[in-house]
Amino acid sequence: MKDFNKIVKEFEQIDAITYADVLAEKSSKILPVLVNFSTDGISGIELFQSFIFAAIDADGRLSEEEYALIYPLLHAFLGDNIDYDSCAKVFKSLKKEGKELKKITDEMVDLIGLFSDEMKADIIIICMLICAIDGKISTKEKEWIKQLIK
């Protein structure tokens, strides 16, 4: 557990340039692999998009600052038709459907299980980056990340 807390601290201290570089590098490795996967009629990309929203919302809120920082990643997945209001609506609907967030997490954990250890690590790194975007990985976010590591 000490190692996990040490890693969390490192993610919380990443500067914006390193953050963007790591996020771009990991995304460019993950996206081509996810294109070839589907589960229950949902493509790997669609599931990962939902999972990105779940990662952003792991602490139960989305601030405009978080949205501004995560926008490049959202744009890469969702294209030009994404704005803060649209994201806020998605999060609001996810909160109403609390079971949906758990389902998305469970599906992503299952999907992660199909990949190599390196790919799993890259997906977890992206999730940790997203959770640390505001400079802090909350207790809720830590518990959510730990589900992925199991």
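Residues numbered from 1 in each chain as written. Predicted model: local features only at pLDDT ≥ 70, side-chain atom pairs only at ≥ 80, totals over all residues. Heavy atoms only, no water.

1. Describing the environment of Asp-106
Summarising the element assignment, Asp-106 is placed in helix H6 (residues 98–112). The partly exposed category is assigned to Asp-106, whose relative accessible area is 32%. (Helix = DSSP H or I, 4+ residues; strand = E, 2+ residues; numbered from the N terminus. Buried < 20%, exposed > 50% of the residue type's maximum accessible area, 1.4 Å probe, protein only.)

2. A short note on the packing of helix H3 (residues 44–56) against helix H7 (residues 117–131)
Look at H3 against H7: their axes get within 8 Å of each other, and the N-to-C directions meet at 40°. Classified by the interaxial angle, the pair formed by H3 and H7 is oblique. For the pair H3 and H7, the sense of crossing is right-handed. Along its contact with H3, which presents Phe-48, Phe-51, Ile-52, Ala-55 and Ile-56, the element H7 presents Ile-123, Ile-126, Cys-127, Ile-130 and Cys-131. Grouping the constituent residues of the contact of H3 with H7 by class yields 10 nonpolar, no polar and no charged. (Axes fitted to C-alpha atoms, helices over the stretch in contact; angles between N-to-C directions. Parallel < 35°, antiparallel > 145°, perpendicular 65-115°, else oblique. Left-handed = near helix turned anticlockwise from the far one by under 90°. Contact = heavy atoms within 4.5 Å. Nonpolar A, V, L, I, M, F, W, Y, C, P; charged D, E, K, R; others polar.)

3. A word on the confidence of the model for the protein
Averaged over all residues, the pLDDT of the protein equals 78, while 84% of them reach at least 70. Confidence scores differ between elements of the protein, with strand E1 (residues 38–39) showing the lowest mean pLDDT of 68 and helix H1 (residues 2–12) the highest of 89. (pLDDT = per-residue confidence, 0-100.)

4. Things to note about the packing of helix H2 (residues 16–34) against H3
At their nearest, the axes of H2 and H3 sit 8 Å apart, and the two run at 135° to each other. Comparing their axes, H3 and H2 come out oblique. Of H3, the residues touching H2 (which contributes Ile-30, Leu-31 and Leu-34) are Gly-44, Ile-45 and Phe-48. Split into classes, the residues belonging to the contact of H2 with H3 amount to five nonpolar, one polar and no charged.

5. Some thoughts on a negative patch on the surface
A cluster of acidic side chains, namely Glu-64, Glu-65, Asp-83 and Asp-85, defines a negative patch on the protein surface. Summarising the element assignment, Glu-64 is placed in helix H4 (residues 64–78). On the basis of relative accessible area, Glu-64 is assigned to the exposed category, the value being 52%. (Patch = residues over 30% accessible without salt bridge, like charges linked within 9 Å, V, L, I, M, F, W, Y side chains within 5 Å. Areas by Shrake-Rupley, 256 points an atom, 1.4 Å probe, with all protein chains shown as cover. Salt bridge = Lys/Arg side-chain N within 4 Å of Asp/Glu carboxyl O. Lys, Arg positive; Asp, Glu negative; His and termini not counted. Charge placed at Lys NZ, Arg CZ, Asp CG, Glu CD.)

6. Section: the environment of Ile-112
One can find Ile-112 in helix H6. Classification of Ile-112 as buried rests on a relative accessible area of 3%. The sequence separation of Ile-112 and Ile-149 amounts to 37 residues, and the corresponding C-alpha distance is 9.4 Å. Other than its neighbours up to four places away in sequence, Ile-112 contacts Lys-120, Ile-123 and Leu-148.

7. Observations regarding the nonpolar core
Of all hydrophobic cores here, the largest spans 42 residues; its most connected members are Phe-48, Phe-51, Leu-74, Ile-123 and Trp-144. Those residues in contact with Ile-123 that lie beyond four places of it in its chain are Ile-30, Phe-48, Phe-51, Met-108, Ile-112 and Phe-115. (Core = buried A, V, L, I, M, F, W, Y, C linked by side-chain atoms within 4.5 Å.)

8. Examining the pattern of salt bridges
All told, the structure shown has seven salt bridges when counted by the stated rule. Taking the shortest distance from any N to any O, the salt bridge between Lys-9 and Glu-12 comes out at 3.7 Å. With Lys-9 and Glu-12 both in helix H1 and three residues apart, this pair spans about one turn of that helix. A salt bridge links Glu-25 to Lys-26, with the shortest nitrogen-to-oxygen separation between them at 3.8 Å. Since its relative accessible area comes to 40%, Glu-25 is described here as partly exposed. Residues joined by salt bridges that share partners form a network here, namely Glu-25, Lys-26, Lys-29, Glu-118 and Asp-122.

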